[in-house]
Amino acid sequence: MLIEHNPYSFLTGDDPFLELRQVENNGNRYTAELEFQDRHEGFIGIPHGGLPMGLCLDVWLRSPIRGYPVDVRFKFGGSGIAIGDGATLTAERAGEGLDPGIVVRISKAADKTPYLSACMTPARTGVSSEFTVPTPSSDFRSLPYYRNCFVCGHHRTAVGLQRRFRLHEENGSYAVTTPWGHDSADFDRAAEFLIAEEELHPAVLISIFDENTAWGGFMDTRAGGLSVRLDFTILRPVARTEKLIFVGRPAGIRGNPKAPRFFKGEGQILSLADPHHPEPVAYGRGEWVILTAYTEQIKSNLLPAGDWSWIFSS
């Protein structure tokens, strides 16, 4: 059996947030079917990219190779997946000896290219770059949010992470942050999103990281986009009652500078157990394809209503 059941996982455990219907599970291959529902939404009508990425990490932590630190290379493709679409997940062993790994693919029926592929291997590198926590609460402006997004939705009927992202600007340079665990409500919320009794599920980390870093990259173009690829390293487990801050920044564009096709972002997740010495617990960088339809969706649907105009006039 390649993938074990973890009853404690909020995502795939005994009361799963994202139900998997197992088809095959032998020593080398695992296959399951799934369907994305309204409670998985990010942009309107499509699942939040952090959830399928979190599902890949969930599979990793149920494999015989599981553990931290872990490096993941995510790549999105195919024709995309909408809420209500069914999909197939496959996991297979990859590499041997000193470089064992797990490759997970999530594919929509009839698509030749997977919607998401993830290659996960034990990490052997340290933190690649240094980040500082932007100062002061008075030095940011709160970014608008969606109604039903798994990460930033504030009017959901299903449980969600209820983040509000913050834009910091200094001398023409941007950073986007969001805290986790800075009030008791987050620790109450964390109880809904665990992978072990006192461990936060990595789907929470990658979901918030993805959106926070996307906002950071967005500031270079002021155009909406979907994740194309993301490289992510988690250095260690994160405790349920741990205070964190997510930091994201622009990392350039790709394509014609006057009409870029992609924007890039990079970021870290820092533990504030010792607020004077923030400790990186995860870091990564990604690339998002710019799509006009999502820029228009942002303008039409972000809340509070009309609170997006200052973003595009900056």
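As the structure is a computational prediction, the values presented were derived from the model and not from experiment.

A. Molecular detail of the packing of aromatic side chains. Going through the model one piece at a time under the given rule, you end up with 12 aromatic pairs. An angle of 15° between the planes, with centres 5.7 Å apart, marks the rings of Phe263 and Trp288 as stacked. Note that Phe263 is positioned in strand E14 (residues 259-271) and Trp288 in strand E15 (residues 279-290), a separation of 25 residues in sequence. According to the relative accessible area criterion, Phe263 is buried, its value standing at 2%. Using a relative accessible area of 2% as the deciding quantity, one classes Trp288 as buried. A connected cluster of aromatic rings, assembled from ring pairs, spans Phe10, Phe17, Phe150 and Phe193.

B. Main features of the side chain of His201. Structurally, His201 is set in the loop between strand E11 (199-200) and helix H3 (202-218). Looking at His201, the relative accessible area reads 0%, which means it is buried. Among the polar contacts made by the side chain of His201, one reaches the side chain of Ser9 at a distance of 3.4 Å. Contacts of His201, omitting those with residues within four sequence positions, involve Ser9, Phe10, Leu11, Gly54, Asp58, Phe193, Leu194 and Ile195.

C. The arrangement of helix H1 (residues 50-60) in detail. Buried residues dominate H1, accounting for 11 of its 11 residues. Buried within H1 are the following residues: Gly50, Leu51, Pro52, Met53, Gly54, Leu55, Cys56, Leu57, Asp58, Val59 and Trp60.

D. Quick peek at the environment of Trp310. Here Trp310 shows up in helix H5 (residues 309-313). Looking at Trp310, the relative accessible area reads 12%, which means it is buried. C-alpha separation for the pair Trp310 and Asp111, spaced 199 residues apart in sequence, amounts to 39 Å. In terms of polar contacts, Trp310 uses its side chain to reach the backbone carbonyl oxygen of Asp307, at 2.9 Å.

E. Up close: unusual backbone geometry. Tyr68 connects to Pro69 through a cis peptide bond whose omega is -5°. You can see Pro69 is positioned in the loop between H1 and strand E3 (70-76). Note that the residue after Leu303, namely Pro304, is joined by a cis bond; omega there is -5°. Secondary-structure assignment places Pro304 in the loop between helix H4 (292-301) and H5. A positive phi angle is found at Arg222, which is not glycine, with a value near 55°.

F. How the structure looks around the environment of Pro114. Of note, Pro114 is situated in the loop between strand E5 (101-108) and strand E6 (116-122). A sequence separation of 34 residues divides Pro114 from Gly80, and the C-alpha atoms of the two residues are 8.8 Å apart. Apart from the residues within four sequence positions on either side, Pro114 is in contact with Gly77, Gly78, Arg105, Ile106 and Ser107.

G. Just the environment of Ser9, in detail. Checked against the element boundaries, Ser9 lands in the segment before strand E1 (21-25). On the basis of relative accessibility, which here comes to 2%, the residue Ser9 falls in the buried class. When sequence neighbours within four positions are dropped, the list of residues in contact with Ser9 reads Asp58, Leu194, Ile195 and His201. Among the polar contacts listed, one links the side chain of Ser9 to the side chain of Asp58, at a separation of 2.6 Å.

H. Examining the nonpolar core more closely. Counting residues in hydrophobic clusters, the biggest one holds 83 residues, and the most contacted among them are Phe74, Met120, Phe232 and Ile269. Element by element, the count of residues in this core is highest for H3, at nine residues.

I. Structural detail: the pattern of salt bridges. Summed over all chains, the structure comprises 13 salt bridges. We note a salt bridge from Arg163 to Asp186, for which the minimum N-O separation is 2.5 Å. Linking Arg163 in the loop between strand E7 (140-142) and strand E8 (166-170) with Asp186 in helix H2 (residues 184-190), this pair joins segments that are 23 residues apart in sequence. No difference in accessibility class separates Arg163 from Asp186, as the two residues are buried. Through salt bridges with shared partners, a single ionic network connects Glu24, Arg29, Glu92 and Arg105.

J. Just the side chain of Asp186, in detail. Under the relative-accessibility criterion, Asp186 is labelled buried at 4%. With residues near it in sequence (within four places) discarded, Asp186 still touches Arg163, Pro179, Trp180 and Gly181.

K. Representation of the pairing of E1. Alignment of E1 against strand E2 (residues 29-35), held across four bridges, turns out to be antiparallel. Considered in E2, the bridge of Glu24 is made with Thr31. Count of turn residues in the E1/E2 antiparallel hairpin: three residues.

L. Structural detail: the packing of H1 against H3. The contact between H1 and H3 brings their axes to 8 Å, and the two run at 145°. The chirality of how H1 crosses H3 is right-handed. Facing H1, whose interface residues are Gly50, Leu51, Met53, Gly54 and Leu57, H3 presents Pro202, Ala203, Ile206, Ser207 and Asp210.

About the criteria used
Residues numbered from 1 in each chain as written. Predicted model: local features only at pLDDT ≥ 70, side-chain atom pairs only at ≥ 80, totals over all residues. Heavy atoms only, no water. Phe/Tyr/Trp six-rings, centres within 6.5 Å; stacked < 30°, edge-to-face > 60°. Helix = DSSP H or I, 4+ residues; strand = E, 2+ residues; numbered from the N terminus. Buried < 20%, exposed > 50% of the residue type's maximum accessible area, 1.4 Å probe, protein only. Polar contact = N/O pair within 3.5 Å; in protein donor to acceptor, adjacent residues only side chain to side chain. Contact = heavy atoms within 4.5 Å. Core = buried A, V, L, I, M, F, W, Y, C linked by side-chain atoms within 4.5 Å. Salt bridge = Lys/Arg side-chain N within 4 Å of Asp/Glu carboxyl O. Pairing = 2+ DSSP bridges. Axes fitted to C-alpha atoms, helices over the stretch in contact; angles between N-to-C directions. Left-handed = near helix turned anticlockwise from the far one by under 90°.

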